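In case you want the letters, here they are:
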Amino acid sequence: MITLIKNGTVITMDEKRKDPYEKLDILIKDDKIIKIEKNYQGNYDKLIDATDKIIMPGLINAHTHLGMSIFRATNDNLTLQDWLENKIWPIENKMTDEDVYLSALISCLEMIKTGTTCANDMYFGYKGTMKAILETKIRVVASRCLLGNMDSKSMNMIKEFKDLITTYRNYPLITFAVTPHSLYTCSKEYLKECLKLSKDYNLPIHTHFCENKEEVNTISNNYNTTPIKALKELGFLDQKLILAHATFLEKDDLKLLTNQTSIVTNPISNLNLGCGIADLTTYIKHNINIALGTDGQGSGNNLNLFKHMSVVGDLQKAIYEDPTVISSYEILKMATINGAKALGLENKIGSIEENKQADLIILDLNNIEIYPYPDLICQIVHNVESQNVITTIINGEILMENRKLLLDINEYSLKEKIKELYQKLNIN
């Protein structure tokens, strides 16, 4: 199957190109981009006319929990620990694989409709999540969340993760990460087992880290040192490492982070839970790769990365009282190529380049609410809404075209099942 996307304005995120965007045609054969040029005149099977439209890489959600859509809007007026320990974890302990599937299915559809083509998922109910992922054809870094202290339950989690790899290792849209929940929910010995998994399978480690001051204090007390030095003590800094949140890091320790470490900021989640604001400006000055995540909908409210992009830059400008500290292009990198680098997928996705996988979205910016747009990148980062995402392509397959979902999924039926799930789990 050869698809031609013609006459669009393309934001490639390819820094080898002189201009951030230009008029280009894109030719896709099966799952790959095979040609990018002006005014392509060759053969094709399907034409997508992108006249007056924007073509850009699909967004990459570098930290989320796909099975948590049912917890949307449950965090009001609660601290992180109160919300987790007294509200979320007790309900999650009652969820079946089917419950997680329904919740993850909502998340996958939300991502397709809001322009996210790849997600780095961390959740316990991996069987239900994987069912939703396969059904919706989303690209995912999959995992089985790991936590505990070397007891039989926590060791069985590792076995389940190994089974997950064995089952899905040949699926082209699925890669994996080792996901210890955090340094405060895993014992030192268990974290070293996670490190061994990372080395044995050559996988990145993805973990929550320094989300709020209480967590920082807990880690510092348990390890008698700063959190980053605790990572070094554990041997984590020698591996490819994805640190979710990293809201509070010792500035003097940033030099210890290698180019194998990426930070995934989750600005709306951190604001909602009163965790604080990460000093991304300083992190960037230390050449740390910064990617963007939404967290789960319970704390981040939604998986629409465009909404999260609009917040992350404004926060940096506010805390520094300086509008020049970060550009819209730098923010767009966080949601595209930086996310790919964090996940070790930069050779496949994150930018529009020949021989990369065809993970693309098409935007229509002609609605009056956001028209005109003299600065295209600024407009995309700050003003795009879900209705502006009209077409979503993952691995060369069109999953949504002109806002019509092309998957055999009954959304009305899904919402009815979610209503029943709310009643069963007593979510309020």
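Preceding this section is the structure that the text describes.
Everything quoted here is computed from the prediction, not taken from an experiment.

Visitor: I'm lost on the overall build of the protein in this one. Help?
Guide: Helix and strand content of the protein: 15 helices and 17 strands. Taken over the C-alpha atoms alone, the protein extends approximately 65 × 50 × 40 Å along its principal axes. In the protein, which comprises 428 residues, the share counted as buried stands at 59%. Across the protein, the fraction of contacts at a sequence separation of at least 24, relative to all contacts at a separation of at least 6, is 73%. Counting every atom, the protein has about 17600 Å² of accessible surface; 46% of that belongs to carbon and sulfur. Averaging the positions of the 47 positive and the 55 negative side-chain charges in the protein gives two centres separated by 3 Å.

Visitor: What am I meant to see in the sheet that holds strand β9 (residues 174-176) here?
Guide: With parallel pairing, four strands are arranged side by side in an open sheet as β6-β7-β8-β9. Pairing within the sheet leaves two strands with one partner each, and these edge strands are β6 (59-64) and β9. Each neighbouring strand pair of the sheet contributes to a mean axis angle of 15°, computed without reference to strand direction. In the packing of helix α4 (residues 152-168) onto the sheet, the strands contacted are β8 (139-142) and β9, and the crossing angle to β9 comes to about 150°. Running at roughly 80° to β6, helix α11 (residues 305-320) makes contact with β6 and β7 (116-121) of the sheet.

Visitor: Explanation requested: the pattern of salt bridges in the structure shown.
Guide: Throughout the structure, instances matching the rule amount to 21 salt bridges. Put simply, Glu110 and Arg72 hold a salt bridge, and the shortest N to O gap is 3.0 Å. Pair noted here: Glu110 is in helix α2 (residues 97-114) and Arg72 is in the loop between β6 and α1 (80-92), with a separation of 38 residues, a long-range link. Of the residues examined, Glu110 reaches a relative accessible area of 14% and is grouped as buried.

Visitor: It is not clear to me how the side chain of Glu401 should be interpreted in this structure. Could you clarify?
Guide: Note that Glu401 resides in strand β16 (residues 397-401). Here Lys46 takes part through its side chain, which lies 3.3 Å from a polar atom of the side chain of Glu401. In this structure, Glu401 is in contact with Lys46, Ile48, Ile390, Thr391 and Leu406, ignoring residues within four places of it in sequence.

Visitor: How should the pairing of β8 be read in this particular structure?
Guide: Consecutive side chains of a regular strand alternate in pointing toward one face of the sheet and then the other. Because side chains alternate across β8, one face comprises the buried residues Arg139 and Val141, and the other comprises Val140 and Ala142, equally buried. Sheet analysis places β7 next to β8, joined by three bridges and oriented parallel. Following the sheet pairing, Ala119 is matched in β8 by Val140. Crossover handedness for the path β7 to helix α3 (residues 126-136) to β8: right-handed.

Visitor: Please explain a nonpolar patch on the surface as it appears in this structure.
Guide: Nonpolar side chains collect at one region of the surface, where Leu271, Ile277, Ile319 and Tyr320 lie side by side and expose about 300 Å² of accessible area between them. Inspection of the secondary structure puts Tyr320 in helix α11. Exposure remark for Tyr320: the relative accessible area of 31% places this residue in the partly exposed category.

Visitor: Would you explain the environment of Tyr44 in this entry?
Guide: Mapped onto the fold, Tyr44 is located in the loop between β3 (32-37) and β4 (46-49). Tyr44 sits in the partly exposed class, given a relative accessible area of 39%. Measuring from C-alpha to C-alpha, the distance between Tyr44 and Gln357 comes to 18 Å, with 313 residues separating the pair along the chain.

Visitor: Can you help me understand the state of the cysteines in this one?
Guide: Where two cysteines share a covalent bond between their sulfur atoms, that bond is called a disulfide. In this structure the tally under the stated criterion is zero disulfides. Counting only cysteine sulfurs, Cys108 is the nearest neighbor of Cys118, a cysteine outside any disulfide, at a range of 11 Å. Judged by its relative accessible area of 0%, Cys118 is buried.

Rules behind the numbers
- Residues numbered from 1 in each chain as written.
- Predicted model: local features only at pLDDT ≥ 70, side-chain atom pairs only at ≥ 80, totals over all residues.
- Heavy atoms only, no water.
- Helix = DSSP H or I, 4+ residues; strand = E, 2+ residues; numbered from the N terminus.
- Buried < 20%, exposed > 50% of the residue type's maximum accessible area, 1.4 Å probe, protein only.
- Contact = heavy atoms within 4.5 Å.
- Areas by Shrake-Rupley, 256 points an atom, 1.4 Å probe, with all protein chains shown as cover.
- Lys, Arg positive; Asp, Glu negative; His and termini not counted.
- Charge placed at Lys NZ, Arg CZ, Asp CG, Glu CD.
- Pairing = 2+ DSSP bridges.
- Axes fitted to C-alpha atoms, helices over the stretch in contact; angles between N-to-C directions.
- Salt bridge = Lys/Arg side-chain N within 4 Å of Asp/Glu carboxyl O.
- Polar contact = N/O pair within 3.5 Å; in protein donor to acceptor, adjacent residues only side chain to side chain.
- Right-handed = clockwise from strand over helix to strand, strands pointing away.
- Patch = residues over 30% accessible without salt bridge, like charges linked within 9 Å, V, L, I, M, F, W, Y side chains within 5 Å.
- Disulfide = S-S within 2.5 Å.

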